[in-house]
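So the chains spell out like this:
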Amino acid sequence: MVHVINNLPTLAVYLDGNEKNNRFCYSRRAKLRYPREIFALYTGKVKGCFSFNGSNLVYVSEKCTMFGFAQLKLPAVLFGFKEVKNLCSIALNVPYELESACDGESESSDVEKGNSTNDVYKLELSRKDCLMNTNIGNLDTNQSSSFLEETKNSAEDGIMYLEEMNEEVLSKRILKLSRQNKPKSALAIYKSMTFSGLKPDLHACNSLLSSLLRNGMLDIALKIFNSMKASELTTGHTYSLILKAVADARGCDAAMNMFSELISSKNLREKIDIVVYNTMISIFAKANSWYQAQKIWSILTDNGQVGTIVTYRLLVCTFVRCGQNELAIDAYSEMIRNGLSPEGDTMHAIIGAYTREGKYDSALNVLQCMLDNELKPNARACNAVINSLGKAGKVKLSFEVYELMKSLGHAPDAYTWNSLLNALNRANRYSEALQLFERIRNPQSVILNVHIYNTILTSCHRLGLWDKAVQILWQMEASEIPVSTASYNQVIGACEVARRPKVALQVYYRMVRQKHSPDIFTLLSLMRVCIWGSLWNEAVEILKLSAPNGSLYNAAIQGMFLTGKIDLAKKLYTEMRERGLQPDGKTRAMMLQNLPKHSMRNRRRNVQKYKF
């Protein structure tokens, strides 16, 4: 029985009937149009006839390329009759057709039917049974179907015929295609190499991973990563690529889970270098997850790793941005202990941490260290140091840093001036603050904001310059600067110091018309100024219009007692108790001192009356 493979004019396969000595050959006299695509054995030569027996097993998956299309590998071993049937059944997956023909040729006679290019060569058996007849049920269907399925899957996976079998050359091709952002082509070569038992080098694999991840092919990249991990062909760069991609696509928790799985394995943990830790810290820094960054820092230390400049820069900047100034200071201190020189970004961040914690001396030392290392501090760092020194009352140092800031080419802004004004106020140098304000209010200097106005109103309040305070308040409203309740409080406070109750009331009424709600500080200041200005009715009216407040009643009662309005003070005390408010110790003492000095019975009656 002879079977013909149509559309395959260069191949005829012969099988001896003796299964113990199977022979597999092609026609020696055939005019091969595609000699490379028909057979390629490990010797690299194509011969006319090859014998296969039990002592000479050939792995077809490493040695055979067939049929003139993309390379088709067989994962079985050719050593018996069933394997040869599977080999012939490959034709079912091409489209090549298998037909029945009559037998009549011997083992050694491959008959050439003609000289045309469409010659047909035959597959014959010494027995009368057909190798494959129309009754496909005679074959081992389970084995052939699984074989065909695996063959089809290989073709669908993009596995192709490799003429070049040099691992170094193929690795360079993968590297070049990956750099050219052609991940599919590079992936095809990678799969074909691994299918052929060839191993791409580490550089090519990492480049392929990077190309796949750039094109959003995370699932495929993870498969290649797992393959590399199984082959122990990974480095810290490999882990960094995968962890960053997982974090971007699936979130920080997924990346943390993968990282925990990696460090749980002793073999993998040894390959995780400081670059991988830095990658994890940067992932959490991007998400402002300072707690997870601190956790990675702890794992790094426990595993005996030593942080680099990049490590501490990420930690310090992340902690400062998230408001964890103490942690930032700890990381910076550890960096200095390890003998590392911080960069400009790290030093700018730690200056902010020191100033927020009130450690102006440490911030000033870091600023000086930047100058010694020929690093230029930015304006924000200078402002932070000026503000911190100003809060500590270090006026001289504040102005020295201000001069340094100008020498570095930084123009002072509103924050700078406000810090200097606050420094003068904290040093009780209010007149100098007013002089500085007059100098900076020049339109060519800086645009004044509400913070500068409030700071200078504080100076007016302390000096009792009610007219100056009122003038600044009108300027704020004319400049359309939002005037806050705190601004009105400072003006009323200046009127209180200057004993100008009527002006204070006018400012209060103006405040109400502008729809600003007075707070307790407004009412207390207004109450005191009305009492000391003998505006009793206005003081009582303020109590009626405001919400019940014990502090306000205590201030009114004490003021009444001190100005001799004993009866009015007692009346307000009774009203206070009726409203359920508690007097303070000073108010009780004044009431007891002003009780009628009569008999003990009358004193007890008055105590019960006023409910002490």
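Residues numbered from 1 in each chain as written. Predicted model: local features only at pLDDT ≥ 70, side-chain atom pairs only at ≥ 80, totals over all residues. Heavy atoms only, no water.

The name recorded for the chain in an unreviewed UniProt entry is Pentatricopeptide repeat-containing protein At3g29290 isoform X1, from Nicotiana tabacum.

S.K.: Would you mind showing me how to read the overall build of the chain here?
M.R.: Looking only at helices and strands, the chain has 31 helices and eight strands in total. Within the chain, the fraction of its 612 residues that count as buried is 46%. Of the contacts formed within the chain by residues at least 6 apart in sequence, a portion of 62% connects residues at least 24 apart. Surface accessibility of the chain: about 31800 Å² in total, with carbon and sulfur atoms responsible for 49%. (Helix = DSSP H or I, 4+ residues; strand = E, 2+ residues; numbered from the N terminus. Buried < 20%, exposed > 50% of the residue type's maximum accessible area, 1.4 Å probe, protein only. Contact = heavy atoms within 4.5 Å. Areas by Shrake-Rupley, 256 points an atom, 1.4 Å probe, with all protein chains shown as cover.)

S.K.: Explanation requested: the side chain of Thr455 in the structure shown.
M.R.: By the secondary structure assignment, Thr455 is in helix α22 (residues 450-463). Here the side chain of Thr455 touches Asn418 through a polar contact of 2.6 Å, side chain to side chain. For Thr455, the contacting residues outside a window of four places in its chain are Asn418, Leu421, Asn422 and Asn425. (Polar contact = N/O pair within 3.5 Å; in protein donor to acceptor, adjacent residues only side chain to side chain.)

S.K.: It is not clear to me how the nonpolar core should be interpreted in this structure. Could you clarify?
M.R.: A general trend in soluble globular proteins is that nonpolar side chains are found buried together. Judged by nonpolar contacts, the single largest core of 143 residues is most densely connected at Phe259, Met280, Ile350, Ile351 and Leu526. Residues contacting Leu526, with those up to four places away along its chain left out, are Ile492, Ala504, Leu505, Tyr508 and Ile542. (Core = buried A, V, L, I, M, F, W, Y, C linked by side-chain atoms within 4.5 Å.)

S.K.: What am I meant to see in the UniProt feature "repeat: PPR" (unreviewed entry) in the chain here?
M.R.: UniProt's entry tags residues 201-235, 308-342, 343-377, 378-412, 413-447, 449-483, 484-518 and 549-583 with the feature "repeat: PPR" (unreviewed entry), counted in the numbering of this structure. Regarding residues 308-342, the helix share stands at 74% and the strand share at 0%, and the terminal C-alpha atoms are separated by 10 Å. Along residues 343-377 the backbone is 74% helical and 0% strand, and the end-to-end C-alpha distance reaches 11 Å. (UniProt positions renumbered as here; feature names shortened; annotations may be inferred.)

S.K.: Looking at this model, I keep getting lost on the pattern of salt bridges. Mind explaining?
M.R.: For the structure shown, the criterion picks out 12 salt bridges. For Lys286, the salt bridge is made with Asp248, and the minimal N-O distance between the two is 4.0 Å. Residue Lys286 is found in helix α12 (residues 274-286), and its partner Asp248 is found in helix α9 (residues 236-250); the two are separated by 38 residues along the sequence. Notably, a salt bridge pairs Glu496 with Arg528, separated by 2.7 Å at the nearest N-O pair. Highlighted residues: Glu496 in helix α24 (residues 485-497) and Arg528 in helix α26 (residues 520-532), separated in sequence by 32 residues. Linked through salt bridges whose partners overlap, the residues forming this network are Lys244, Asp248 and Lys286. (Salt bridge = Lys/Arg side-chain N within 4 Å of Asp/Glu carboxyl O.)

S.K.: Where do I start with the packing of helix α27 (residues 536-545) against helix α28 (residues 550-562) in this structure?
M.R.: It is at 11 Å that the axes of α27 and α28 come closest, and there the two elements cross at 160°. The angle between the axes of α27 and α28 places the two elements in the roughly antiparallel class. When the axes of α27 and α28 are compared, the crossing they make is left-handed. Contacts between α27 and α28 involve Trp536, Ala539 and Leu543 on the former and, on the latter, Leu552, Tyr553, Ala556 and Met560. In terms of residue class, the contact of α27 with α28 is built from seven nonpolar, no polar and no charged. (Axes fitted to C-alpha atoms, helices over the stretch in contact; angles between N-to-C directions. Parallel < 35°, antiparallel > 145°, perpendicular 65-115°, else oblique. Left-handed = near helix turned anticlockwise from the far one by under 90°. Nonpolar A, V, L, I, M, F, W, Y, C, P; charged D, E, K, R; others polar.)

S.K.: In this structure, what is going on with the side chain of Asn325? I would like to understand it.
M.R.: Looking at the element boundaries, Asn325 is found in helix α15 (residues 325-337). Apart from residues no more than four positions distant in its own chain, Asn325 is found in contact with Phe319, Val320, Ala353, Arg356 and Glu357.

S.K.: I'm lost on the layout of surface pockets in this one. Help?
M.R.: The probe, sized like a water molecule, is rolled over the atoms to show the empty space still left. Each pocket or cavity is described by its volume, and for the largest pocket that value is around 430 Å³. What lines the largest pocket is a set of 18 residues, among which His348, Gly352, Arg356, Arg380 and Ala384 lie closest to the centre. Where the lining of the largest pocket is concerned, the elements lending two or more residues are α14 (309-321), α16 (344-356) and α18 (379-391). In terms of residue count, α18 provides more of the lining of the largest pocket than any other element does, seven residues in total. When its residues are assigned to classes, the lining of the largest pocket shows seven nonpolar, seven polar and four charged. (1 Å grid on protein atoms, 1.4 Å probe; cavity = no way out; pocket = protein on both sides within 12 Å on 5 of 7 lines; lining within 4 Å. Points joined across faces, edges and corners; volume = space filled by probe spheres on them.)

S.K.: I tried to follow unusual backbone geometry on my own but got confused; where do I start?
M.R.: Glycine aside, the phi torsion of most residues is negative, and most peptide linkages are trans. One non-glycine residue, Lys515, adopts positive backbone phi at about 60°. Within the element layout of this structure, Lys515 appears in the loop between α25 (501-513) and α26. If you check the backbone angles, Ser534 has positive phi at about 60° while not being a glycine. Structurally, Ser534 is set in the loop between α26 and α27.

S.K.: Looking at this model, I keep getting lost on the environment of Asn166. Mind explaining?
M.R.: Considering the arrangement of structural elements, one finds Asn166 in the loop between α4 (141-156) and α5 (167-179). Residue classification places Asn166 among the partly exposed positions, given a relative accessible area of 35%. Through-space distance from the C-alpha of Asn166 to that of Leu198 is 8.3 Å; in sequence the pair is 32 residues apart. At 3.2 Å, the side chain of Asn166 forms a polar contact with the backbone nitrogen of Val169.

S.K.: Looking at this structure, I do not really get α9. What am I missing?
M.R.: Taking 1.5 Å of rise per residue, the 15 residues of α9 would be expected to cover 21 Å, and the 21 Å separating its terminal C-alpha atoms lies within 8% of that figure. Among the residues making up α9, those that are buried are Gly236, Thr238, Tyr239, Ser240, Leu241, Ile242, Leu243, Ala245, Val246 and Ala247. Buried residues along α9 sit against α7 (202-214), α8 (218-230), α10 (252-264), α11 (266-271) and α12. (Expected span 1.5 Å × (residues − 1).)

S.K.: Help me understand the packing of aromatic side chains in this model?
M.R.: Any two aromatic rings considered together are summarised by their centre-to-centre distance and by the angle between their planes. Taken as a whole, this structure holds eight aromatic pairs when the rule is applied. Taking 5.7 Å as the distance between ring centres and 80° as the angle between the ring planes, the aromatic pair formed by Phe259 and Tyr277 counts as edge-to-face. Separated by 18 residues along the polypeptide, Phe259 in helix α10 and Tyr277 in helix α12 bring together distant segments of the chain. Note on Tyr402 and Trp417: the rings are 5.5 Å apart at their centroids and 55° apart in plane angle, and the pair reads as tilted. Taken together, the residues Tyr402 in helix α19 (residues 395-407) and Trp417 in helix α20 (residues 414-426) connect sequence positions 15 residues apart. Cluster of aromatic residues (ring-pair linked, three or more members): Phe399, Tyr402 and Trp417. In this structure, Arg499 packs its charged tip against the face of Trp532, placed 5.0 Å from the ring centre. (Phe/Tyr/Trp six-rings, centres within 6.5 Å; stacked < 30°, edge-to-face > 60°. Lys NZ or Arg CZ within 6 Å of the ring centre and 35° of its normal.)

S.K.: I'm lost on helix α21 (residues 430-440) in this one. Help?
M.R.: Along an α-helix, residues three or four positions apart point the same way, because every turn accommodates 3.6 residues. Listed as buried for α21 are Tyr430, Ala433, Leu434, Leu436, Phe437 and Ile440. Taken end-on, α21 shows its buried residues confined to a sector of 160°, consistent with a single buried face. More than 90 degrees from the buried face of α21, the exposed residues found are Gln435 and Arg439. Where α21 is buried, its residues contact α19, α20, α22 and α23 (466-478). (Arc of directions from axis to C-beta.)

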